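Results of the structural survey
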Amino acid sequence: MCGIIAYVGKREVRPILIDGLSRLEYRGYDSAGVATLTDGDMEVTKKAGRITELARHVAQRKRPTSIGISHTRWATHGEPNDVNAHPHTDQSGRLALVHNGVIENYQLLKRQMTAAGHTFKSATDTEVLAHLIGKYYDEVETLGDEKLLEAVRRALREVKGTYGIAVLHQDHPGLIIGARRGSPLVLGIGDGEMFICSDATTLLPYTQKVVYLKDFDLVQIRESNFKLETLAEGESSYEIKELDYAAEAAERGDFAHFMLKEIYEQPLTIENAVRGRLNIEECSAQLGGLNLTPQQLREIDRIIILGCGTALHAGMVGSHMLEDMAFIPTQTDYASEFRYKNCPVPKNTLFFVISQSGETADTLGALREARRKGFRGLGICNNVGSTIARESDGGVYMHAGPEIGVAATKSFVSQCAIFGLLTLVLGRMRHMSAGTGRQIIEAFEKLPNQITQILANDEHIEAIARKYCHAKSMLFLGREYNYPVALEAALKMKEISYIHAAGFPTAELKHGVIALIDSETPSVFICPQDILHEKNISNMQEVRARKGPIIAVATEGDEEIHHHADDIIYVPRTMDMLQPILNIIPLQLLAYHAAVALGRDVDKPRNLAKSVTVE
Ligand code: AGP
């Protein structure tokens, strides 16, 4: 969704802001803008469309400046155009503001200020906040920078909704103010320079020292210092964190797209998820961050897993593992549904929320709801220091490195791997034998090589993608562990290729879905050589009898499958519970190559944002 980067220091600010905005592009946006203070003047440049368009206009500004704020906008209030793009200015034109989030009471405030003589140029809630700060600025009688700070404090106390903001004022030339409530914001600490940014990864080329702001934090940054307070209580406590990956981790390198890079990283993703967590001696695993004693872990009677999109699909794989191998009743739900449901939850239920970004508003809302009811809520997140990671009672970090492609890939396999580890921990406390524990560990150890083996088949998968990419619709079918894989593969296909795609449990075909089958509608069957193999073959025959083309994701060495499918992608065999980690890889590639063949913008699919921080 929207992105913010602000800078004050000694360097020329415009290239830093444009570079930062380009790094924030992956979050999804439709317009962008920059405000700088130049020789005491506020210069605002904003444009609908790509950052390159904005950069062209910004490059025409020649006077040197080393302080500015900037923004990528993903429209919520008001259509995407130059006027609605941020930064927005106040009535005086001396104050500029960038804002992520939604000001819910903006209409009332706008009416009040309009009646008092304010004129608004845009249809946005953000402009209302800029005017509100400006209004208080005129009223506050304190002097110096405290005047601007007090105006920001008063305005933020009055607004309802969510915000991550950066404020720049012509009369305070060395100062930027940032604040957050519900929208992520990070302070970056450089050498003689400071940043405010919505995304820590964006700061990697400049600094690895960050402070993740908390809700109601208000930060002042100047060239060589910063000051943090809370809106409520004065001085705020904070911890300076070191980002633990190198700047290259967020670069595309030689890959055509971030998504492809991230697909190819997956052998390493598994190694990183598992590193130091397998306990060979006890045929189990260790997950330190759960913050639960062995006794508390044994007392869990039920698990509820919540997430959105890909994260929920991984949760569905996890739920199957936990029931099948650890014998714990487990349910999954969309975070957005759960938080508004009045669903009875038995005591001794443990909640898991899953989120790559750790900032998804629906997932965060569900976590808060579970905790509000007195349940323990654990997080599985990738972004260290993210809001979900901070607000949960404990959890497991994915250590997958930055995922920039909007289509989640490596985060899915990482989350599945973490559920595998969790199953091992909880299963070994119940009825799982040491032998089974050992088998799982051995299967884990083989996964990276098995993924590499699948990736070596990329050209074959690309050819299949080219063959079918003009289909209007595609079906993805799988059973048990592979049903969530079918859902995830369909999500990948539709979000980046825009081909309509849907996933179903294979056996559901005959209950309705089969009506969609014709010679133009390919079906992708995920049919490993497991206990349901024969049944899958029967379902494939039902599709064939109706002239539906079939692509099979099958177990290496399954020669029989040639009689039933038009195209086959072989995948090595692992334990059933880990098979989704292997089966999803060729389907990620299938979606990727279909999207490329259709000329889609793979890393920035239309209408989508990487991190969905509004409900
Ligand atoms: C997946 O490709 C999507 N971009 C999307 O479904 C995503 O998984 C979802 O928005 C959840 O994001 P999170 O993991 O950051 O919470």
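Notes on the structure in this doc start here. The structure displayed is predicted, hence computed values, not measured ones.

Tallied over the full model, the rule gives seven aromatic pairs. Pairing phenylalanine 226 with tyrosine 238 gives two aromatic rings, centres 5.3 Å apart and planes at 65 degrees, and the pair type is edge-to-face. Of this pair, phenylalanine 226 sits in strand S13 (residues 225–230) while tyrosine 238 sits in the loop between strand S14 (234–235) and strand S15 (241–242), placing them twelve residues apart in sequence. By relative accessible area, phenylalanine 226 is classed as buried at 19%. Chaining the aromatic ring pairs together yields one cluster made of Tyr7, Phe195 and Tyr206. A cation over a ring is seen here: lysine 135 above tyrosine 136, with NZ or CZ 4.5 Å from the ring centre. Directly above the ring of tyrosine 498 sits arginine 606, whose terminal nitrogen or CZ lies 3.9 Å from the centroid.

A word on the nonpolar core. Grouped together as the largest cluster of nonpolar side chains are 89 residues, with contacts concentrated most on Phe476 and Leu587. Residues within four places of phenylalanine 476 in sequence aside, it is in contact with Ala486, Ala489, Ala490, Met493, Ala501, Ala502, Gly503, Phe504, Val524, Leu587 and Leu590.

Ordered in space as S5-S6-S7-S8-S12-S13-S14, the seven strands form an open sheet in which the pairing is antiparallel. The two strands at the open ends of the sheet, each matched to only one other strand, are strand S5 (88–89) and S14. Relative to strand S8 (residues 176–181), strand S7 (residues 163–169) runs antiparallel, the two being bridged by six bridges. Each bridged residue has a counterpart across the sheet, and for alanine 166 the counterpart in S8 is glycine 178. Across the face of the sheet, helix H4 (residues 125–139) comes into contact with S5, strand S6 (95–100) and S7 while running at roughly 135 degrees to S6.

Let's shift gears to the site of the ligand. Around the ligand, a shell composed of 14 residues is seen, among which Ser355, Gln356, Ser357, Thr360 and Glu495 lie nearest. Measuring from an oxygen atom of the ligand, one finds a side-chain N or O atom of serine 355 at 2.6 Å. At 2.3 Å from an oxygen atom of the ligand is found a side-chain nitrogen or oxygen belonging to glutamate 495. Broken down by secondary-structure element, the contributors of at least two residues to the shell around the ligand are helix H9 (309–325) and helix H16 (482–497). Residues of the shell around the ligand, tallied by class, amount to six nonpolar, six polar and two charged.

Quick look at the sheet that holds strand S21 (residues 376–381) now. Read across the open sheet, the five strands follow the order S19-S18-S20-S21-S22; overall the sheet is parallel. Each of the sheet's edge strands pairs with one partner strand only, and the pair in question is strand S19 (330–334) and strand S22 (394–397). The sheet shows a mean angle of 20 degrees between the axes of neighbouring strands, taken without regard to direction. Where strand S18 (residues 302–307) lies against strand S20 (residues 349–355), five bridges are found, and the strand directions are parallel. Residue pairing in the sheet places leucine 306 in a bridge with valine 353 of S20. Its contacts with the sheet put helix H11 (residues 361–372) on S18, S20 and S21, and the angle it makes with S20 is roughly 165 degrees. Across the sheet, helix H13 (residues 410–428) touches S18, S20, S21 and S22, and the angle it forms with S20 is around 160 degrees.

As a packed pair, helix H7 (residues 266–274) and helix H14 (residues 434–455) sit with axes 8 Å apart at the nearest point and diverge in direction by 165 degrees. Looking at the two axes, H7 sits roughly antiparallel to H14. By crossing handedness, the relation of H7 to H14 is classed as right-handed. Together, Gln266, Pro267, Ile270, Glu271 and Val274 of H7 and Phe444, Leu447, Pro448, Ile451, Thr452 and Leu455 of H14 make up the contact between the two elements. Looking at the contact of H7 with H14 residue by residue, the class counts come to eight nonpolar, two polar and one charged.

Let us now look at empty space enclosed by the protein. If you walk through the whole model with that rule in mind, you get five cavities of 30 Å³ or more. Here the largest cavity defines a volume of roughly 70 Å³. Lining of the largest cavity is provided by 13 residues; of these, Arg73, Thr76, His86, Asp125 and Thr126 occupy positions nearest its centre. The set of elements that each furnish at least two residues to the lining of the largest cavity consists of S6 and H4.

What follows deals with unusual backbone geometry. Histidine 86 connects to proline 87 through a cis peptide bond whose omega is 0 degrees. Looking at where proline 87 falls in the secondary structure, it is placed in the loop between strand S4 (67–73) and S5.

On to the pattern of salt bridges. Under the criterion given, the structure shown has 38 salt bridges. Between arginine 14 and glutamate 12 there is a salt bridge, and its shortest N-O distance comes to 3.1 Å. The buried category is assigned to arginine 14, whose relative accessible area is 7%. Measuring nitrogen to oxygen at the nearest pair gives 3.0 Å for the salt bridge that ties aspartate 145 to arginine 222. Here aspartate 145, found in helix H5 (residues 145–158), pairs with arginine 222, found in strand S12 (residues 217–222); they are 77 residues apart in sequence, far enough to count as distant. A relative accessible area of 27% means that aspartate 145 is categorised as partly exposed. The exposure class assigned to arginine 222 is partly exposed, which follows from its relative accessible area of 21%. Taken together, the shared-partner salt bridges in this structure form one network comprising Glu12, Arg14, Asp39, Asp41, Glu43, Arg61 and Arg63.

Analysis parameters
Residues numbered from 1 in each chain as written. Predicted model: local features only at pLDDT ≥ 70, side-chain atom pairs only at ≥ 80, totals over all residues. Heavy atoms only, no water. Phe/Tyr/Trp six-rings, centres within 6.5 Å; stacked < 30°, edge-to-face > 60°. Helix = DSSP H or I, 4+ residues; strand = E, 2+ residues; numbered from the N terminus. Buried < 20%, exposed > 50% of the residue type's maximum accessible area, 1.4 Å probe, protein only. Lys NZ or Arg CZ within 6 Å of the ring centre and 35° of its normal. Core = buried A, V, L, I, M, F, W, Y, C linked by side-chain atoms within 4.5 Å. Contact = heavy atoms within 4.5 Å. Pairing = 2+ DSSP bridges. Axes fitted to C-alpha atoms, helices over the stretch in contact; angles between N-to-C directions. Near = heavy atom within 4 Å. Polar contact = N/O pair within 3.5 Å; in protein donor to acceptor, adjacent residues only side chain to side chain. Nonpolar A, V, L, I, M, F, W, Y, C, P; charged D, E, K, R; others polar. Parallel < 35°, antiparallel > 145°, perpendicular 65-115°, else oblique. Left-handed = near helix turned anticlockwise from the far one by under 90°. 1 Å grid on protein atoms, 1.4 Å probe; cavity = no way out; pocket = protein on both sides within 12 Å on 5 of 7 lines; lining within 4 Å. Points joined across faces, edges and corners; volume = space filled by probe spheres on them. Salt bridge = Lys/Arg side-chain N within 4 Å of Asp/Glu carboxyl O.

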